[in-house]
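# Structural overview for review
Letter by letter, the chains look like this.
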Amino acid sequence: MTISDDVLTRFADLATPTIANALDDVGFDGVMSGIGQVVPGTRCYGRAVTVTQATGPRGSFTSEDFKVGHMIDAAGPGDVIVVDNGGRAVSTWGGLATYAAKLKGIAGLVVDGGVRDREEMEQHRLPVFTRHMTPLTGRTRIRITGINKVIQCGGVRVRPGDVIVADGSGVVCVPAEHAEKVAELAHRYASDDRQAEIELAKGLSFREAMAKFKRI
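Residues numbered from 1 in each chain as written. Predicted model: local features only at pLDDT ≥ 70, side-chain atom pairs only at ≥ 80, totals over all residues. Heavy atoms only, no water.

### What about the environment of V165?
With respect to the secondary-structure elements, V165 resides in strand β9 (residues 163-167). Owing to a relative accessible area of 0%, V165 belongs among the buried residues under this scheme. As for V165 and R207, which are separated by 42 residues in sequence, their C-alpha atoms are 30 Å apart. (Helix = DSSP H or I, 4+ residues; strand = E, 2+ residues; numbered from the N terminus. Buried < 20%, exposed > 50% of the residue type's maximum accessible area, 1.4 Å probe, protein only.)

Rendered as structure tokens:
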């Protein structure tokens, strides 16, 4: 299932905790575990382009097996690359790849594995989210085994075309078939939160505000 651009853009200003509340409502466990923000103040949203990898000791694979360029080539402007490397602390991505992805307009990168070159990521401001920051190169240690297959990332099923949103709180995956409903619910929650802030400023207690907006 491919979601429309109109539905996708509804996630542009939604925070991941708000989306997580809506995901509970549709019964999908879409909050990734252990995947954190590299560049403070960055966020991204977009359709998932998925990558699976195998990792072994140095020399397990050839340099040609690494194929970082294939990952970048598979993604278009506004896409989020999501990599399943089984949580291994080996870098699958670095500074030059960050710059190339930024130039192409790729929205962000999520890696259940490792990346390196934090300073270059901060320089280019590409939203990168990962389990590990490590200097250890993936060259001859990592082989790409598939692109745009169903993967697991942070304990969450991710399919090509699912919606990925990532910010300082973490990373969520919204299944394409639930995207419109989740966006609708999340915007309702966000509106309630803004109204609750107004009520709090007027003197309502936190408990009263939560009760009014049915959060307790």
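There is more to say, and it comes next.
### Comments concerning the environment of T16
Looking at the secondary structure, you find T16 in helix α2 (residues 16-26). Separated by 79 residues in the primary sequence, T16 and G95 place their C-alpha atoms 26 Å from one another. Apart from the residues within four sequence positions on either side, T16 is in contact with V165, A166, D167, S169, G170 and V172. Within the structure, the side chain of T16 is placed 2.7 Å from the side chain of D167, a separation counted as a polar contact. (Contact = heavy atoms within 4.5 Å. Polar contact = N/O pair within 3.5 Å; in protein donor to acceptor, adjacent residues only side chain to side chain.)

### Comments concerning the nonpolar core
Among the nonpolar cores identified, the biggest contains 38 residues, and F11, I19, M32, V82, V110, V158 and I164 are the most heavily contacted of them. Sort the elements by how many residues they give to this core and helix α6 (residues 179-201) lands first, with 7 residues. V51, M71, W93 and V128 belong to the second-largest nonpolar core, a separate cluster that totals 24 residues. (Core = buried A, V, L, I, M, F, W, Y, C linked by side-chain atoms within 4.5 Å.)

### Some points on the packing of α2 against α6
At a minimum axis separation of 8 Å, α2 and α6 run at an interaxial angle of 125°. Judged on the interaxial angle alone, α6 and α2 are oblique. The hand of the α2/α6 crossing is right-handed. Residues T18, I19, N21, A22, L23, D25 and V26 of α2 lie in contact with α6, whose contacting residues are K181, V182, L185, A186, Y189 and A190. Each residue belonging to the contact of α2 with α6 can be placed in one class, and the counts come to 9 nonpolar, 2 polar and 2 charged. (Axes fitted to C-alpha atoms, helices over the stretch in contact; angles between N-to-C directions. Parallel < 35°, antiparallel > 145°, perpendicular 65-115°, else oblique. Left-handed = near helix turned anticlockwise from the far one by under 90°. Nonpolar A, V, L, I, M, F, W, Y, C, P; charged D, E, K, R; others polar.)

### Some details on the pairing of strand β3 (residues 80-84)
Within β3, 5 of the 5 residues are buried, leaving the element largely enclosed by the surrounding structure. Judged by which residues are buried, β3 turns out to be covered on both faces: V80, V82 and D84 on one side and I81 and V83 on the other are all buried. For strand β2 (residues 44-55) and β3, the ladder comprises 5 bridges, and the chain directions are parallel. Within β3, the position partnered with T50 by the bridge is V82. What joins β2 to β3 is helix α3 (residues 68-74), and the crossover it makes is right-handed. Pairing analysis gives 5 bridges linking β3 to strand β4 (residues 108-115), with the strands arranged parallel. When the sheet's bridge partners are listed, D84 is paired in β4 with D112. As a crossover connection, the stretch from β3 through helix α4 (residues 95-104) into β4 is right-handed. (Pairing = 2+ DSSP bridges. Right-handed = clockwise from strand over helix to strand, strands pointing away.)

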